[in-house]
Amino acid sequence: MHKEGDAPLIAVIGSTGSGKTALAEAIALQVGGELVSCDAKQAYRGMDIGTNKEKDLGVAQHLLDIKNPGERLTVAEYQGMAYQVIDSLQARGVQPILVGGSMLYAEAVMNGYVFDEAKKSNLQQPRYRVLKLGIDIDREVLKERLSARTGEWLKMGLVEEIQRLLQEGVAPEWLDACGQEYRFFTRYVQGEISLEEAVRLTNTSLHQYVKRQYT
């Protein structure tokens, strides 16, 4: 699908908390690029703290805040929107840089998954040439970084963010399904577990998630 001479799509991949966004921003500043998010949770408006959304970067970002909490975003729908953004950037001579932690979303774009009624088939039709840049960090260092980040979320107001979402009518079951960043603190807000337990369970779950990502 790509035209001869097109610059490849740059994809910055790695585990959660590894510094993907910082690297992607640095590359974008060097080459005149813009970021294309492939983070399923950063797509939701008003979910900023628990998704580690960084809105004050020195480069433009796309596909953030495109859905309301509680709405569904399928991989096929995301792929279509990402294609539109990347094609538009390339047409303007801007380097697109795909970055984010939702690997199925990233792979759908990088590998060109073919979807039939929102389900991936065995067919792949790559649309772009892709330059993949992976970040690898010592796991113990990453564990410490993630544990510290959980504390920072609390200082920034993650509990208040969850309280606001619940007051706006977002179902606690939906927040629970959003993953470990929201699951256990939602249970704390509902009085099911203590704050200490929510922190412990969140960190444990994040460490297990990183292990799965490395695998």
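This structure is a prediction, so every number in the text was calculated from the model and none was measured.

Quick notes on the rules
- For every chain, the first residue of its written sequence is number 1, and the numbers climb from 1 along that sequence.
- pLDDT decides what is reported in this predicted model: residues at 70 or higher carry local features, side-chain atom pairs at 80 or more are listed and counted, and totals for whole chains, interfaces and linings draw on all residues regardless.
- Heavy atoms throughout the structure, all of them, feed into the side-chain values; hydrogens and water do not.
- Throughout, a disulfide means two cysteine sulfur atoms within 2.5 Å of one another.
- Whether a residue is buried, partly exposed or exposed follows from its accessible area with a 1.4 Å probe, protein chains only, as a fraction of its type maximum: under 20%, in between, or over 50%, in that order.
- Runs of H or I in DSSP of at least four residues are treated as helices and runs of E of at least two as strands, each being numbered from the N terminus.
- One bridge is not enough; two strands pair if DSSP finds at least two bridges between them.
- Any two residues whose heavy atoms approach within 4.5 Å are treated as being in contact.
- The term polar contact refers here to a pair of N or O atoms within 3.5 Å; inside protein, the definition further demands a hydrogen-donor-capable atom paired with an acceptor-capable atom, and it admits residues adjacent in sequence only when both atoms are side-chain atoms.

Chemist: Sorry if this is basic, but what is going on with the state of the cysteines here?
Modeler: Here a disulfide denotes a covalent bond joining the sulfur atom of one cysteine to the sulfur atom of another. Inspection of the entire model under this criterion finds zero disulfides. For Cys38, which is in no disulfide, the shortest distance to another cysteine sulfur is to Cys178 and amounts to 17 Å.

Chemist: I keep staring at the pairing of strand S1 (residues 9-14) and nothing clicks. Help me out?
Modeler: Judged by how many residues are buried, S1 sits mostly within the fold: five of six residues are covered. Looking at chain direction, S1 and strand S7 (residues 130-135) are connected through six bridges and run parallel. Each residue of the ladder has a partner; that of Ala11, found in S7, is Lys132. The sheet contact formed by S1 and strand S4 (residues 95-99) spans three bridges and is parallel. Residue pairing in the sheet places Ala11 in a bridge with Leu98 of S4.

Chemist: I'm lost on the environment of His207 in this one. Help?
Modeler: Within the fold, His207 resides in helix H8 (residues 195-214). Here the alpha-carbon distance between His207 and Arg139, two residues 68 residues apart in the chain, equals 8.8 Å. Sequence-distant contacts of His207, defined by excluding residues within four places in its chain, comprise Lys143, Leu146 and Ser147. Within the local environment of His207, its side chain forms a polar contact with the backbone oxygen of Lys143, the two atoms lying 3.4 Å apart.

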